[in-house]
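This is what each chain is made of:
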Amino acid sequence: MELQAVLMAAGGGSRMMDLTYNTPKPLLPVGNKPLIWYPLNLLERVGFEEVIVITTKEVQKMISTDPKVKLDVKMKLDLVCIQEDADMGTADALRHIQQKVKTDVLVVSCDLITDAALHEVVDLFRAHNATLSMLMSKAHEFTETVPGQKGKKKTGEQRDFVGVDGTGKRLLFMANEADLDEGVVIRKSIMRKHPRMHIKTGLVDAHLYCLKKSVVDFLADNKSISSIRGELVPYLVRKQFSKSTNSPKVIDETHQNLKKNDSNVNLEIQISSRDEELLHLTQERSCWNDHRGDMSDAYHGGRLRCYVHIMDEGICYRVNTLAAYIEANRLAPKLFDEPAVHPSAVVSERCLIGADSIIGASCQISDKTSIKRSTIGVSTTVREKVKVTNSIIMHGVTIEEGCNIQGSVICSNAVIGRGADIKYCLVGSAQRIEPDAERTNEVIVGTDQLMEI
Amino acid sequence: MADCGEPDGPGNKDDITRSKNEGKELTKEEKQRLRKQKKHQKKQKERKNEKGPSETEKDKTPVSLLPPPQPVATQKAPSALPAPASAPIPVPASAPFHSSPAPSPADKPAKSKAELKAERRARQETDRAAKQPGSSSSGIKTKVPLSELNPVVKRLPEHVQVDDPAVVKRLAKKLERQQTLPYGASNKIPLRSDYGYKVSLFSHLHQYSRKAPLTQLLSIPSTVIHPSIVRLGLQYSQGIVAGSNARSVALLHAFKQVIRDYTTPPNEELSRDLVNKLKPYISFLNQCRPLSASMGNAIKYIKKEISNIPSQCKEEEAKTKLLTCIDRYIEEKIVLAAKAISKYAIEKISDGDVILVYGYSSLVNNILCEAFEKSRKFRVIVVDSRPRLEGREALRRLVQRGISCTYVLISALSYILPEVSKVFLGAHALLANGYVMSRVGTSQIALVARTYNVPVLVCCETYKFCERVQTDSFVSNELDDPDDLMVTRKGKTQLENWQDVSSLGLLNLVYDVTPPDFVDLVITDLGMIPCTSVPVVLRVKNLDQ
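Residues numbered from 1 in each chain as written. Chains lettered and ligands numbered in written order. Predicted model: local features only at pLDDT ≥ 70, side-chain atom pairs only at ≥ 80, totals over all residues. Heavy atoms only, no water.

Student: Explain the overall build of chain B here, please?
Tutor: Counting its secondary structure elements, chain B contains 15 helices and twelve strands. Relative to its 545 residues, chain B shows a buried fraction of 52%. When contacts within chain B are restricted to residue pairs at least 6 apart in sequence, long-range pairs at least 24 apart make up 77% of them. For chain B, the exposed surface amounts to about 24900 Å²; the carbon and sulfur share of it is 54%. (Helix = DSSP H or I, 4+ residues; strand = E, 2+ residues; numbered from the N terminus. Buried < 20%, exposed > 50% of the residue type's maximum accessible area, 1.4 Å probe, protein only. Contact = heavy atoms within 4.5 Å. Areas by Shrake-Rupley, 256 points an atom, 1.4 Å probe, with all protein chains shown as cover.)

Student: So what exactly am I meant to see when it comes to the UniProt feature "domain: EIF2B subunit epsilon/gamma LbH" (unreviewed entry) in chain A here?
Tutor: Annotation from UniProt places "domain: EIF2B subunit epsilon/gamma LbH" (unreviewed entry) at residues 344–436 of chain A. The straight-line gap between the two end C-alpha atoms of residues 344–436 of chain A is 31 Å; of that span, 0% is helix and 39% is strand. (UniProt positions renumbered as here; feature names shortened; annotations may be inferred.)

Student: So what exactly am I meant to see when it comes to the nonpolar core here?
Tutor: Buried together is how nonpolar side chains tend to be arranged in soluble globular proteins. Grouped together as the largest cluster of nonpolar side chains are 64 residues, with contacts concentrated most on A:L19, A:F48, A:L106, A:L208 and A:Y325. Contacts of A:L106, omitting those with residues within four sequence positions, involve A:L3, A:Q4, A:A5, A:V6, A:L43, A:F48, A:L118, A:L208, A:Y209 and A:C210. Listed in part, the 50 residues of the second largest apolar core include B:L218, B:A246, B:A250 and B:L274. (Core = buried A, V, L, I, M, F, W, Y, C linked by side-chain atoms within 4.5 Å.)

Student: Sorry if this is basic, but what is going on with the interface of chain B and chain A here?
Tutor: Interface extent is often summarised as the accessible area lost during association of the parts. On the side of chain A, 33 residues touch chain B, which itself brings 41 residues to the contact. Buried area between chain B and chain A, summed over both chains or domains, comes out near 3300 Å², and the portion from carbon and sulfur atoms is 58%. Of the charged contacts in the structure, one is a salt bridge between A:D297 and B:R396, with a shortest N-O distance of 3.1 Å. If you list the elements that add at least two residues to the side of chain B that touches chain A, you get α6 (227–238), α7 (244–261), α10 (315–348), α11 (362–373) and α12 (391–401) of chain B. (Buried area = accessible area lost by both parts, 1.4 Å probe. Salt bridge = Lys/Arg side-chain N within 4 Å of Asp/Glu carboxyl O.)

Student: What's the story with the sheet that holds strand β6 (residues 436–439) of chain B in this structure? I'm lost.
Tutor: Picture the strands of a sheet paired through backbone hydrogen bonds; they go either parallel or antiparallel. Residue and element names in this part refer to chain B. The three strands are arranged β5-β6-β10 in an open sheet whose pairing can be described as antiparallel. A single partner strand is all that each edge strand has here, and the edge strands are β5 (429–430) and β10 (511–514). Sheet strands in contact with helix α14 (residues 442–451) are β6 and β10, and its direction is about 30° off that of β10. (Pairing = 2+ DSSP bridges. Axes fitted to C-alpha atoms, helices over the stretch in contact; angles between N-to-C directions.)

Student: Explain the pattern of salt bridges to me, please; I cannot follow it from the model alone.
Tutor: Should the charged atoms of two oppositely charged side chains come close, the side chains can pair. Residue and element names in this part refer to chain B. Considering all chains together, one arrives at 43 salt bridges over all chains under this definition. For R328, the salt bridge goes to E332, with nearest N and O atoms at 3.8 Å. Here the residue R328 and the residue E332 both occupy positions in helix α10, the gap between them amounting to four residues, near one helical turn. By relative accessible area, E332 is classed as partly exposed at 40%. If you follow the salt bridges from partner to partner, you end up with R210, R388, E390, R439, D480 and D484 in one network.

Student: What is the right way to read the environment of A:W37 from this model?
Tutor: All names here are of chain A. Position of W37 relative to the elements: it lies in helix α2 (residues 37–46). For W37, a relative accessible area of 6% puts it in the buried group. The sequence separation of W37 and I113 amounts to 76 residues, and the corresponding C-alpha distance is 9.2 Å.

Student: Please explain the packing of α6(B) against α7(B) as it appears in this structure.
Tutor: For any two helices packed against each other, the geometry comes down to the angle between their axes and how far apart the axes lie. Residues and elements named next belong to chain B. It is the contact of α6 with α7, at a shortest axis distance of 9 Å, that shows an interaxial angle of 165°. On the basis of their axis angle, the class for α6 and α7 is roughly antiparallel. Between α6 and α7 the crossing geometry is right-handed. In this structure, α6 contributes S228, I229, L232 and Y236 to the contact, and α7 contributes R247, A250, L251, A254, F255, Q257 and V258. (Parallel < 35°, antiparallel > 145°, perpendicular 65-115°, else oblique. Left-handed = near helix turned anticlockwise from the far one by under 90°.)

Student: Explain the packing of aromatic side chains here, please?
Tutor: Given two aromatic rings, one states the distance between the centres and the angle between the planes to describe the pair. The final tally for this structure, using the stated rule, is seven aromatic pairs over all chains. Centroid distance B:F202 to B:F474: 5.4 Å. Interplanar angle 45°. Geometry classified as tilted. Of this pair, B:F202 sits in the loop between α5 (165–177) and α6 while B:F474 sits in the loop between β7 (456–459) and β8 (488–489), placing them 272 residues apart in sequence. A relative accessible area of 3% places B:F202 in the buried class. Residue classification places B:F474 among the partly exposed positions, given a relative accessible area of 40%. Put simply, the rings of B:Y301, B:Y329 and B:Y463 touch in pairs and so form one group of aromatic residues. Against the face of A:Y299 rests A:R305, its NZ or CZ located 3.9 Å from the ring centre. (Phe/Tyr/Trp six-rings, centres within 6.5 Å; stacked < 30°, edge-to-face > 60°. Lys NZ or Arg CZ within 6 Å of the ring centre and 35° of its normal.)

Student: How do you make sense of the sheet that holds strand β24 (residues 398–399) of chain A when you look at a structure like this?
Tutor: Residues and elements named next belong to chain A. Read from one edge to the other, the open sheet built from six strands follows the order β15-β18-β21-β24-β27-β30, with strand pairing classed as parallel. At either margin of the open sheet sits one strand with a lone partner, and together these are β15 (346–347) and β30 (432–433). Where strand β21 (residues 381–382) and β24 come together, two bridges link them in parallel fashion. Note that in β24 the partner of T381 across the bridge is T398.

Student: How do you make sense of helix α13 (residues 322–331) of chain A when you look at a structure like this?
Tutor: Burial of α13(A) is extensive: ten of the ten residues sit out of reach of the surface. For α13(A), the set of buried residues is A:L322, A:A323, A:A324, A:Y325, A:I326, A:E327, A:A328, A:N329, A:R330 and A:L331.

Student: In this structure, what is going on with a positive patch on the surface? I would like to understand it.
Tutor: A contiguous patch of positive charge, built from A:R187, A:K188, A:R192, A:R238 and A:K243, is present on the exposed surface. Overall, A:R238 belongs to the partly exposed group, its relative accessible area being 48%. (Patch = residues over 30% accessible without salt bridge, like charges linked within 9 Å, V, L, I, M, F, W, Y side chains within 5 Å. Lys, Arg positive; Asp, Glu negative; His and termini not counted. Charge placed at Lys NZ, Arg CZ, Asp CG, Glu CD.)

Student: How do you make sense of the pairing of strand β6 (residues 104–109) of chain A when you look at a structure like this?
Tutor: Each regular strand displays side chains that alternate between the two surfaces of the sheet. All names here are of chain A. The buried fraction of β6 is high, at six of six residues. A two-sided burial pattern is seen for β6, the buried positions comprising D104, L106 and V108 on one face and V105, V107 and S109 on the other. By the bridge criterion, six bridges tie strand β1 (residues 3–9) to β6 in an arrangement that is parallel. Bridge pairing links V6 to V107 in β6. Taken together, the four bridges between β6 and strand β12 (residues 203–211) define a ladder with antiparallel strand orientation. Bridge pairing links L106 to C210 in β12.

Student: Please clarify how the packing of α10(B) against α11(B) should be interpreted in this entry.
Tutor: Residue and element names in this part refer to chain B. In contact at an axis separation of 9 Å, α10 and α11 are set at 60° when each is read in the N-to-C sense. Here α11 runs oblique to α10, going by the angle between their axes. Like other packed secondary-structure pairs, α10 and α11 cross with a definite hand, here right-handed. Two secondary-structure elements touch here, α10 through A338, I341, S342, A345 and I346 and α11 through L363, N366, I367, E370 and A371. Considering only residue class, the contact of α10 with α11 consists of seven nonpolar, two polar and one charged. (Nonpolar A, V, L, I, M, F, W, Y, C, P; charged D, E, K, R; others polar.)

Student: Please clarify how the side chain of B:D273 should be interpreted in this entry.
Tutor: By the element assignment, B:D273 lies in helix α8 (residues 270–288). Each residue touching B:D273, except ones within four places of it in the same chain, is listed here: B:Y262, B:P265 and B:E268.

Student: Whenever I open this one, the environment of B:L322 confuses me. Can you help?
Tutor: When you line up the elements, B:L322 lands in helix α10. Taking the relative accessible area as the measure of exposure, B:L322 reaches 3% and is therefore buried.

The following block contains the structure:
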């Protein structure tokens, strides 16, 4: 077996608490499908037959009863539960399933919606015998107004600095603005080996990583690393150029160093494989080199290599903020071919439904309603003379007559009273909006949620 | 190139051992004969289940079955049958005729050769009578003009018939048949499609694009094809493993992994099943990049080793035996051969020499480095050519050792040749008629060197010797990605939209053949031989095997 897929679905959605305080993030509806369906569909399309899903008990219960996941996903899902309050990072979760990991892993996050060609990432991983291969995409500006946001969008998002070499494939440098004190510091050893480096900042990390099995074993020994994105990836990228991994004769010294329990040492030993001499003979006889201009061999003799595939076009979203959630809802219909209006929805004849709207199953849309560029969830009731524009209505919502909803997100089981005028608001789960209310740019949530931090 | 690597039917060991025991030399025709016999027997076995044993079968492709190796006189008699070309009968019987399938393998050991021959002759007579009116209907390939001296090509290899749609369809069907698991359309080996406009003279060859790898069509945790073979295919198509020796070593390394992970399914024998398992992998690799002659020979060797495993051998034993065989093959044919060739070649390098090398040849590099270590004083001129620019890598490795080098492009060849005292060339394969197949541009170098009376020495290990015969570079070659010819300078790529210009075709050839008149000496691990002695070496090699 070549690769095992691991889906991380235990995240809390800390950046969109308004949406996730009632529904766990993996089950948020995007285009009327649970968020977790998208990465599962991606893996299935590409040809995986089983996936290890790391999630919480709550999500596990809901997944096993969710019809969409049960019916559409033909792969075998191996659900592993972790404690919700254990505050495990993604690397901790990988350590947790170390026993199940028998080959190289493909780690995907549950909030990834993309139509990327996965074979590009995996081909880099295979062809160069890389330790890490990841997917990134050019970030798109979110154009939709985000409900409940006061003032202009802050560029509070910490920037990522990603350094790649001339071909754009080899990952040379990765740091987050938060980790840098004064400026971007690049070591001389990197500059000596790769004098031309392109540093990019407008990239979105898709959180899709191909990791060698030795990395998972290394994680098992090094309990200090808890997040793949935040700690493991920068560590591996730095380790490419560290002296200890580059000289082959260090292997003898590393045997002596074992007692010191040096973490660097373990990674080095685990990288070497069987038939090393044949591979070495091949490389010696082959006339390929990944760089030119200096006297060193291919890959500068380095054993650890990290690669990245940067997507120029195509959809790639990480649904971890409200803005991303809204954008994803707009674009999700392009990813699958289902009809926009579900056959079981009861749609009366005198309503106007725009071409880019999605109506979920068992809906009831009454007369004289106008639905444009919106997503209506499952079992929602929309009464007469309602205008819904640019909004996301989740499941089980009731919208009484004469409402006007614009640019808003209405969570599940909410009730909007008649004649209400909601503009750019986020209405929390099971909330009631009183009739004839006029709300603009507000976040309406229950009092119990306000108590959570 | 890929002739040797074509999948054969499961070996009929009796036939080979019989011929071996007789101590007769197996010439090229005889080997062809044997191969066809085996193929026919396999078809016969399959058909036995459907129809009853039939004497005259209409095969889809004409199969020529010549009698087993006999003294020449008796061969003349059967070849007196009318052939489509009624030319005078050539001496080593090469006239094609239709014949019926060979006797079933069970009967073979029992009957003697004379009886078999008589049987066959009788069948041929009946066949001829039956087939006379429609004899040319299925003989597509026999329309190839017969040469009196050389055996007729019965079936052109598929990789040089890309412009014939029937052949392409057949290839697709063959890939379907080779699926490793019995169910599901997703378990097929995908067919890689050609890219771009092909120059008409080479339209019979495949031309693939590097941007459309074969892995697009495979599932990602590849179950149909072993992961190490997928990795190898990717490395071939991206050029990470390039060069005849490197490709062979990488291939054998991947096969070692395959053998390690292999388990015999119940009711199957390792010797037969493993060969069948390898066939789709070889088709896959062929599509990633056409197989080289050295790879073909290595595959033939492995298949032979696998088929020779006795059936009572336990699986673990068999696997370790195969692994040691592979290691030994690499050690003998590549590593030790390189040492031997270096030893011979160093005798030819004298102090004060100016040696010209072309492109990157791992063997020639090895020789030069060893000569330098043995303190010969010489300098090297590295000639390079676009688009591969492999000479840069050769230059780097030589300079790293401390050898003083000059670097020129091939267009400066005639300017630099007056300085040169010797030319060392590497080879991709040595063909049976003495022609050297090597990187495109080699024949130019040999030609100009001959004009300047500079000795040309070709260095080649014996495992690259190929039984093919080729006199020009058109009939069988490799077309690389035409987009490689595009150059971007200062942000502008002139040929960016070459596909839109209807009268423009980009041609990126990989190999060419050099006639033996331009080559003065071939240095092999068997010694230093003239170019025309290659068939002798081949014959000697076959005897050994």
